[in-house]
Amino acid sequence: MSTRHARGETLHRREEDCRLQEHFSFILQLFAGCLQPVAVIDHEGRFLGGNDAFAALTGYSDEELRGRTEAALTPPEWREATAHILEELCRTGLAQRYEKEILRQDGTRVPVEILAHRVAVGTGDAYLTILLLKDITKEKEAERALRESEERYRSLVDLSPDGIVVHSEGRVVFANKAAARLLGAASPEELVGLPVLAIVHPDYREAVKARIEQVKNSEAVPALPPVRQKLLRVDGTAVDVEVAASRLIYAGKVAVQAVIRDITERQRNEEKLANFSRQLQAIIDSSSDLIFLKDKDFRYVVANKEHEKLFKVKIEEIIGKTDFDFMPPEVAKGCRESDLAALNSGDPVRREEYVGDRCFHIVKQRVADANGNILGIAGVIRDITELKRVEKGIIHSLAKLERTLEGTVNALATMAEKRDPYTAGHQRRVAQLACAVAAEMGLPPDQIAGLRVAGMLHDIGKIYVPAEILSKPGRISEYEFSIIKTHPEVGYDIVKEIEFPWPVAQIILQHHERLDGSGYPVGLRDKEILLEAKILAVADVVEAMSSHRPYRPALGTAAALAEITTKSGLLYDPAVVAVCLRLFTEKGFRLA
């Protein structure tokens, strides 16, 4: 054997040992608080450990137990039979129930009933055997007493809620009251003497005959695990039952004791559950989304028909597999990344992934049981390729509409400025300053966008004012000023029918209102005035005083800032004034 091969073998064994240890640790955690003794042995028949109840039963601590063989705790006369049972477990993989005695650490013996389960580990030949023990010392004492006295036996078994039937040489020799009720007999005595196969449904008679022979002829396997079958009541109707069979000596003869449990209700519930599962599968199969459930190893437990359409593989070929088994590697890798993110997060994980020219919206959520134990992840995947196409078209259309709106606003603003060349650019500069103030105040982008449109159009009402008044070089009369004061209302009337997503018309109407009510056209006060109108009012005054007018030269930015500072809280909003001052004195803002 080459050194590389030997290393490979060693590495494989280490991996198997790690898997064994991981499974063993999980099993012990699972049964740690269980009152029933539980122990685990490896595939070589050596104990890995047991729970506290097992230590109490045997007297061995974990350290003393670990590494001992199962045979070391078995009396010599039981070892061959026990080995045969474990071999049968290994060969068939079916749980084995049997009775034996075990040797405690102090050398005393304890009769136990053992249910042995085999659990495969990984993909190799390694496996663990889980032993669930029950101290049956009292049961054995009761058996001895019952063999000595049928009456004492009857008084005990009649307390059982399960039916108990003892048969020997093919006929019923004993039945308890629960068996009589289950089989529709007037009394237990009505069943005594009947051929045992007469109460077995024809479909199960051959199997029952084989089990009877197995129990009778094998002292090494005195008990068989429960199996489901049908029995016949005395009226000929069938009943679903679970029957456990064991060997005993009754009246000095080998007999078989059958413990019978009515599982009609359980069957009904299982059928309901199966029907529910079918309905659930039908529901998720009707969805156009991919719906799935994966375990912690990211293997599919549930998947709907959409997987077949997308991946061209049957559902049966998906269950138990991972994404890497049927998806392109690059796609499977992306799925694994989102699986891990979902498993490690308590919140749903949402993402979009492209597969070729198709786009998918993915939602994955960690799944846990009522105790918080993580079971795996559930997911829903939707093909949003068409939605993305429509969304792209909508975005394009919105951009086009925005450009159209911007062009319309600019055209309206230009139209107003054409009539008053001395204030050309005023509306744009006011809009620029107003938006800068709003941004510094932390207003949201959408609100700033509305303020910009209002700023660009705030003096559009001046198209109603004669050009002679607008460009008059000297002082205007009171009558002329009254005409100018109409421009907010005219501007409001012009734009009020335009369905802006912002209150543009109201902002235009209020941009000459003042906090103390001295403004126009309505004389609104403080809280009655929109915040955008308050910002626009300050920007309008600063720009107007900073620029030339037909009736005066420019007063300059310093004078404009002094004006709004002096009138802050009286005519102008203090918060707006403070931000405007900060822009010019600290942020270096300049009017374009």
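Everything that follows concerns the structure shown earlier in this document.
All figures in this text were calculated on a predicted structure; none of them were measured in a lab.

## A few points about the packing of aromatic side chains
Then step 1. What the rule picks out here adds up to seven aromatic pairs.
Then step 2. Their ring planes at 40 degrees and their centres at 5.9 Å tell us that phenylalanine 47 and phenylalanine 54 sit as a pair that is tilted. Each of the two residues, phenylalanine 47 as well as phenylalanine 54, counts as buried.
Then step 3. On the basis of an interplanar angle of 75 degrees and a centroid distance of 5.4 Å, the ring pair of phenylalanine 311 and phenylalanine 326 is categorised as edge-to-face. With phenylalanine 311 in helix 11 (residues 306-311) and phenylalanine 326 in the loop between helix 12 (315-318) and helix 13 (329-343), this pair connects stretches of sequence that are 15 residues apart.
Then step 4. Through a chain of ring-to-ring contacts, the aromatic side chains of Phe292, Tyr300, Phe311 and Phe326 assemble into a single cluster.
Then step 5. Over the ring of tyrosine 127 we find arginine 118; its NZ or CZ atom is 4.2 Å from the centre of that ring.
Then step 6. The ring of phenylalanine 292 has lysine 294 sitting right over it, with the charged end atom 4.9 Å from the ring centre.

## Section: the nonpolar core
Then step 1. Residues Leu433, Val437, Ile535, Val538, Val542, Ile564 and Cys580 are the most contacted members of the largest nonpolar core, which totals 43 residues.
Then step 2. Once residues lying within four places of it in the same chain are set aside, the contact partners of isoleucine 564 are Val538, Val541, Val542, Tyr572, Val577, Cys580 and Leu581.
Then step 3. Judged by nonpolar contacts, the second largest core, of 24 residues, contains Val165, Val200, Val241 and Val243.

## So, the sheet that holds strand 9 (residues 238-250)
Then step 1. The five strands are arranged 7-6-10-9-8 in an open sheet whose pairing can be described as antiparallel. Only two strands of the sheet have a single neighbouring strand rather than two, namely strand 7 (171-175) and strand 8 (223-232). Put simply, the sheet's adjacent strands are angled 35 degrees from each other on average, direction ignored.
Then step 2. Alignment of strand 6 (residues 163-168) against strand 10 (residues 253-262), held across five bridges, turns out to be antiparallel. When the sheet's bridge partners are listed, valine 166 is paired in strand 10 with glutamine 257.

## Points about the packing of helix 22 (residues 557-566) against helix 23 (residues 574-585)
Then step 1. One way to put it is that helix 22 packs onto helix 23 with a least axis distance of 10 Å and a crossing angle of 155 degrees. The angle between helix 22 and helix 23 places the two elements in the roughly antiparallel class. Relative to helix 23, the crossing made by helix 22 is left-handed. On helix 23, the residues that touch Thr557, Leu561, Ile564 and Thr565 of helix 22 are Val577, Cys580, Leu581 and Phe584.
Then step 2. A class-by-class count of the residues in the contact of helix 22 with helix 23 yields six nonpolar, two polar and no charged.

## Some words on the side chain of glutamate 99
Then step 1. Relative to the elements of secondary structure, glutamate 99 occurs in strand 3 (residues 96-103).
Then step 2. At 2.6 Å, the side chain of glutamate 99 and the side chain of lysine 140 are in polar contact.

## What about the sheet that holds strand 15 (residues 374-383)?
Then step 1. Strand order across the open sheet formed by five strands is 12-11-15-14-13, with antiparallel pairing between neighbours. Every interior strand has two partners, whereas the edge strands, strand 12 (300-303) and strand 13 (349-355), have only one. Strand after strand, the sheet turns through a mean of 25 degrees between neighbouring axes, direction not considered.
Then step 2. Summarising the sheet, strand 14 (residues 358-368) and strand 15 pair through nine bridges and their orientation is antiparallel. Pairing of valine 363 across the sheet is with valine 380, part of strand 15.
Then step 3. Helix 13 rests against strand 11 (290-295), strand 13, strand 14 and strand 15 of the sheet, and its axis sits at about 180 degrees to strand 13.

## Re the side chain of histidine 512
Then step 1. Note that histidine 512 resides in the loop between helix 20 (504-510) and helix 21 (531-546).
Then step 2. A polar contact is formed between the side chain of histidine 512 and the side chain of histidine 511, at a distance of 3.3 Å.
Then step 3. Not counting residues up to four positions away in its chain, the partners in contact with histidine 512 are His487, Pro488, Gly519, Tyr520 and Asp540.

## A look at the environment of arginine 104
Then step 1. Its location among the elements puts arginine 104 in the loop between strand 3 and strand 4 (109-120).
Then step 2. Taking the C-alpha atoms as reference points, arginine 104 and glycine 59, separated by 45 residues in sequence, lie 6.0 Å from one another.
Then step 3. Look past the residues within four positions of arginine 104 in its chain and what remains in contact with it is Ala56, Leu57, Thr58, Gly59, Tyr60 and Val110.

## Some points on the pairing of strand 11
Then step 1. A one-sided burial pattern is seen for strand 11, the buried positions being Leu290, Phe292 and Lys294 and the unburied ones Ile291, Leu293 and Asp295.
Then step 2. The pairing of strand 11 with strand 15 spans six bridges and is classified as antiparallel. Along strand 15, the bridge assignment pairs leucine 293 with alanine 378.
Then step 3. Examined bridge by bridge, strand 11 and strand 12 share three bridges and lie antiparallel to one another. Each residue of the ladder has a partner; that of leucine 293, found in strand 12, is valine 302.

## A closer look at the pattern of salt bridges
Side chains that differ in sign of charge can pair as their charged atoms come close.
Then step 1. Under the criterion given, the structure shown has 32 salt bridges.
Then step 2. One salt-bridge network, in which partners are shared between bridges, spans Lys294, Asp323, Asp339 and Lys364.

## A few points about helix 16 (residues 445-457)
Then step 1. Compared with an ideal rise of 1.5 Å per residue, which puts 13 residues at 18 Å, helix 16 spans 19 Å between its outermost C-alpha atoms and is within 8% of the ideal.
Then step 2. Taken residue by residue, helix 16 has Ile448, Gly450, Leu451, Val453, Ala454, Gly455, Met456 and Leu457 as its buried positions.

## As for the packing of helix 21 against helix 23
Two measures define how a pair of helices packs: the angle their axes make with one another and the distance between the axes.
Then step 1. Interaxial distance between helix 21 and helix 23 falls to 10 Å at its minimum, and their mutual angle equals 45 degrees. Taken together, the axes of helix 21 and helix 23 lie oblique to each other. Classified by chirality, the crossing of helix 23 by helix 21 is right-handed. Note on element contacts: helix 23 touches helix 21 through Val576, Val577, Cys580 and Phe584, opposite Leu531, Lys534, Ile535, Val538 and Val542.
Then step 2. Considered class by class, the residues forming the contact of helix 21 with helix 23 number eight nonpolar, no polar and one charged.

Scoring rules and cut-offs
For every chain, the first residue of its written sequence is number 1, and the numbers climb from 1 along that sequence. In keeping with the predicted nature of the model, local features appear solely for residues at pLDDT of at least 70, side-chain atom pairs appear and are counted solely at 80 or more, and the whole-chain, interface and lining totals rest on all residues. Calculated side-chain values reflect all of the structure's heavy atoms, with hydrogen atoms and water omitted. Stacked, tilted and edge-to-face pairs are distinguished by plane angle, under 30 degrees for stacked and over 60 for edge-to-face with tilted covering the rest, among Phe, Tyr and Trp rings (Trp via its six-membered ring) whose centres lie within 6.5 Å. A 1.4 Å probe rolled over the protein chains alone gives each residue an accessible area, and that area as a share of the maximum for its type sets the label: buried under 20%, exposed over 50%, partly exposed in between. Helix and strand assignments follow DSSP, with helices taken as H or I runs no shorter than four residues and strands as E runs no shorter than two, numbered in order from the N terminus. Cation placement over rings: the criterion is NZ of Lys or CZ of Arg within 6 Å of the ring centroid and within 35° of the ring normal. Residue types Ala, Val, Leu, Ile, Met, Phe, Trp, Tyr and Cys, when buried and joined through side-chain atoms within 4.5 Å, form a set referred to as a nonpolar core. Two residues qualify as a contact provided that any one of their heavy atoms is within 4.5 Å of a heavy atom in the partner residue. Note on pairing: two strands pair once DSSP finds at least 2 bridges between them. Axes here mean lines fitted to C-alpha atoms, for a helix over just the part in contact, with angles spanning 0 to 180 degrees between N-to-C directions. For classification purposes, angles smaller than 35 degrees are called roughly parallel, those larger than 145 roughly antiparallel, those between 65 and 115 roughly perpendicular, and all remaining angles oblique. Whether a crossing is left-handed or right-handed is set by the direction in which the near helix is turned from the far one by less than a right angle, anticlockwise for left-handed and clockwise for right-handed. Classification used: nonpolar for Ala, Val, Leu, Ile, Met, Phe, Trp, Tyr, Cys and Pro, charged for Asp, Glu, Lys and Arg, polar for all others including Gly. N or O atoms closer than or at 3.5 Å make up a polar contact, with two conditions inside protein: a donor-capable atom paired with an acceptor-capable one, and, for residues adjacent in sequence, both atoms drawn from side chains. The term salt bridge refers to a side-chain nitrogen of Lys or Arg lying within 4 Å of a carboxyl oxygen of Asp or Glu. Expected span of a helix: the number of residues minus one, times 1.5 Å.

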